[in-house]
Amino acid sequence: MSVYYMTHPLIQHKITLLRKTTTVTAEFRKLIEEIAMLMGYEAFADLPLTDIEVETPIETTTQPVLDGKKLAVVPILRAGLGMVNGILSLVPSARVGHIGLFRDPETHLPHEYFCKLPEAIDKRQIVLVDPMLATGGSAVAAVDAIKAHGGKKIKFMSVLAAPEGVSALMQAHPDIQLYIGCLDRCLNENAYICPGLGDAGDRIFGTK
Ligand code: PRP
Ligand code: URA
């Protein structure tokens, strides 16, 4: 698996703001969207291009456009939803799928409750998004679900990751590309990322 750590100062700055307890829901949502957009810019640097002929007001010319079927953005519900518009601002024609997973508060194991992916998923570049990669259970289960539906080319984007989650995902799915905004220190006894940002879903949606 290829793992890419974001180094852009704007991404690091915005992640620091995200962590602050004093960052309120509206600011948190905006920051997650902006970070997803900046991470998407980095993660899409290897998208393949193809040449097409276009007519400018001056002449006919051959120029590059993105190749292949339209991208599929797939948020892991709920918190992944906060990253979707950031990606769509870069690639507005992308299709959007959804995978619903929640972590059992006791066992920390993921439970799937929803999965709906765009048609011809096997031919699309898939961008799976979730701000938090903690134990990695949710990410592994989401990639399992996508592969079970035929998905092959998968990029996973998380804003914060714990080393435990990176290892679990690398071991289960060595074929995917992983993009991480910031690698944090460890997990605590409740499997929360430290120093982290708390519960991403609750902070995006203002629950709790
Ligand atoms: C959070 C987060 C990830 C998962 C990460 O979701 O958004 O999906 O936990 O933890 P893991 O790597 O240990 O699996 P949560 O289950 O809290 O659901 P929510 O987004 O609906 O709040
Ligand atoms: N899910 C979250 O929202 N935050 C964490 O730190 C870990 C899992």
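Preceding block: the structure.
Within every chain, residues take consecutive numbers counted from 1 along the sequence as written. Note on labels: chains are lettered from A, ligands numbered from 1, in written order. Where totals are concerned, whole chains, interfaces and linings use all residues; where local detail is concerned, this predicted model gives features only for residues with pLDDT of at least 70, and gives and counts side-chain atom pairs only at 80 or more. Side-chain descriptors were evaluated using all non-hydrogen atoms of the structure, hydrogens and water having been removed beforehand.

## Here we look at the overall build of the chain
So, step 1. The numbering of helices and of strands both runs from the N terminus, where a helix is a DSSP run of H or I of at least 4 residues and a strand a run of E of at least 2. Broken down by element type, the chain carries 6 helices and 13 strands.
So, step 2. What you see for the chain is a C-alpha radius of gyration of 17 Å, in line with the 17 Å of a compact globule of 208 residues.
So, step 3. For the C-alpha atoms alone, the extent of the chain along its principal axes is close to 65 × 35 × 30 Å.
So, step 4. Contacts in the chain between residues at least 24 apart in sequence constitute 65% of all its contacts with a sequence separation of at least 6. Here the globule rule reads 2.2 Å times residues to the power 0.38, and the radius of gyration is calculated from C-alpha atoms. Contacts are assigned to residue pairs that have any heavy atoms within 4.5 Å of one another.

## Re helix H4 (residues 137-148)
So, step 1. One less than the number of residues in a helix, times 1.5 Å, gives the span that helix is expected to have. Here H4 contains 12 residues, and its C-alpha end-to-end distance of 16 Å stays within 8% of the 16 Å for a straight helix at 1.5 Å per residue.
So, step 2. When H4 is considered as a whole, its buried residues turn out to be Ser-138, Ala-139, Val-140, Ala-141, Ala-142, Val-143, Ala-145 and Ile-146.
So, step 3. Positive backbone phi, approximately 105 degrees, marks Gly-150, located one or two places after H4. The classification of residues rests on relative accessible area computed with a 1.4 Å probe and restricted to protein chains. Under 20% of the type maximum is buried, over 50% is exposed, and intermediate values are partly exposed.

## Observations concerning unusual backbone geometry
So, step 1. The peptide bond linking Leu-77 to Arg-78 adopts the cis configuration, its omega dihedral lying at -5 degrees.
So, step 2. Summarising the element assignment, Arg-78 is placed in the loop between strand E4 (72-77) and helix H3 (81-90).
So, step 3. Cis geometry is adopted by the peptide bond preceding Pro-195, which originates at Cys-194 and carries an omega value of 0 degrees.
So, step 4. By secondary structure assignment, the location of Pro-195 is in the loop between strand E13 (193-194) and helix H6 (200-205).
So, step 5. Despite not being glycine, Ala-191 has its phi angle at roughly 60 degrees, a positive value.
So, step 6. Tracing the backbone through its elements, the reader meets Ala-191 in the loop between strand E12 (186-187) and E13.
So, step 7. Look at Ala-191 and you get buried, because its relative accessible area is 6%.

## Topic: the site of ligand 1
So, step 1. Close contacts around ligand 1 come from 17 residues, with Arg-103, Asp-130, Thr-135, Gly-136 and Ser-138 the closest.
So, step 2. Here a polar contact is taken to be a pair of N or O atoms separated by no more than 3.5 Å, where protein atoms must pair a possible hydrogen donor with a possible acceptor and residues adjacent in sequence count only if both atoms sit in side chains. Ala-134 is positioned such that a nitrogen or oxygen atom in its backbone is 2.9 Å from an oxygen atom of ligand 1.
So, step 3. In the model, an oxygen atom of ligand 1 is placed 2.8 Å from a nitrogen or oxygen of the Gly-136 main chain.
So, step 4. Each accessible area is a Shrake-Rupley result for a 1.4 Å probe, and residues are judged covered by the shown protein chains and nothing else. Protein chains bury 90% of the 500 Å² of accessible surface belonging to ligand 1 in isolation.
So, step 5. Only E4, strand E6 (98-103), strand E9 (132-133) and H4 provide two or more residues apiece to the shell around ligand 1.
So, step 6. Broken down by element, the residue count for the shell around ligand 1 peaks at 3 residues, all from E6. Near, as used in this document, describes a residue that has one of its heavy atoms within 4 Å of the molecule or strand being considered.

## Considerations on the site of ligand 2
So, step 1. By nearness alone, every residue bordering ligand 2 is listed as Arg-103, Met-132, Ala-134, Ala-191, Tyr-192, Ile-193, Gly-198, Asp-199 and Ala-200.
So, step 2. One of the backbone nitrogen or oxygen atoms of Ile-193 is found 2.8 Å away from an oxygen atom of ligand 2.
So, step 3. Contact distances for ligand 2 include 2.8 Å between an oxygen atom and a backbone N or O atom of Ala-200.
So, step 4. Taking 230 Å² as the accessible area of ligand 2 by itself, protein coverage stands at 88%.
So, step 5. Residues are grouped as follows: Ala, Val, Leu, Ile, Met, Phe, Trp, Tyr, Cys and Pro are nonpolar; Asp, Glu, Lys and Arg are charged; all remaining types, including Gly, are polar. For the shell around ligand 2, the residue count by class is 6 nonpolar, 1 polar and 2 charged.

## Some thoughts on the side chain of His-173
So, step 1. Within the secondary structure, His-173 is located in the loop between helix H5 (163-172) and strand E11 (177-183).
So, step 2. A distance of 2.9 Å separates polar atoms of two side chains, one belonging to His-173 and the other to Lys-147.

## Examining the pairing of strand E7 (residues 110-116)
So, step 1. The pairing criterion for strands is at least two bridges between them, as found by DSSP. Bridge analysis of E6 against E7 gives 6 bridges, and the strand direction is antiparallel. Directly across from Phe-102, in E7, lies its bridge partner His-111.
So, step 2. Between the end of E6 and the start of E7, which pair antiparallel, lie 6 residues, with His-108 showing a positive phi angle near 65 degrees.

## Details of the packing of aromatic side chains
So, step 1. Only the six-membered ring of Trp is used, alongside the rings of Phe and Tyr, when aromatic pairs are assigned; centres must lie within 6.5 Å, and planes under 30 degrees apart are stacked while those over 60 apart are edge-to-face, with the rest tilted. Summed over the entire model, instances satisfying the criterion amount to 2 aromatic pairs.
So, step 2. Taking the centre distance of 4.7 Å and the plane angle of 10 degrees together, the rings of Tyr-4 and Tyr-179 count as stacked. In this pair, Tyr-4 sits in strand E1 (residues 2-5) while Tyr-179 sits in strand E11, placing the two residues 175 residues apart along the sequence.
So, step 3. We classify Tyr-4 as partly exposed; its relative accessible area is 33%.
So, step 4. The exposure class of Tyr-179 is buried, given its relative accessible area of 3%.
So, step 5. When the centroid spacing of 6.2 Å and the interplanar angle of 35 degrees are considered together, the rings of Phe-102 and Tyr-113 count as tilted. Here Phe-102 is found in strand E6, whereas its partner Tyr-113 is found in strand E7, with 11 residues between them in sequence.
So, step 6. Look at Tyr-113 and you get partly exposed, because its relative accessible area is 44%.
So, step 7. Criterion for a charge above a ring: Arg CZ or Lys NZ at most 6 Å from the ring centre, at most 35 degrees from the ring normal. Positioned above the aromatic ring of Tyr-192 is the side chain of Arg-103, whose terminal nitrogen or guanidinium carbon lies 5.5 Å from the ring centre.

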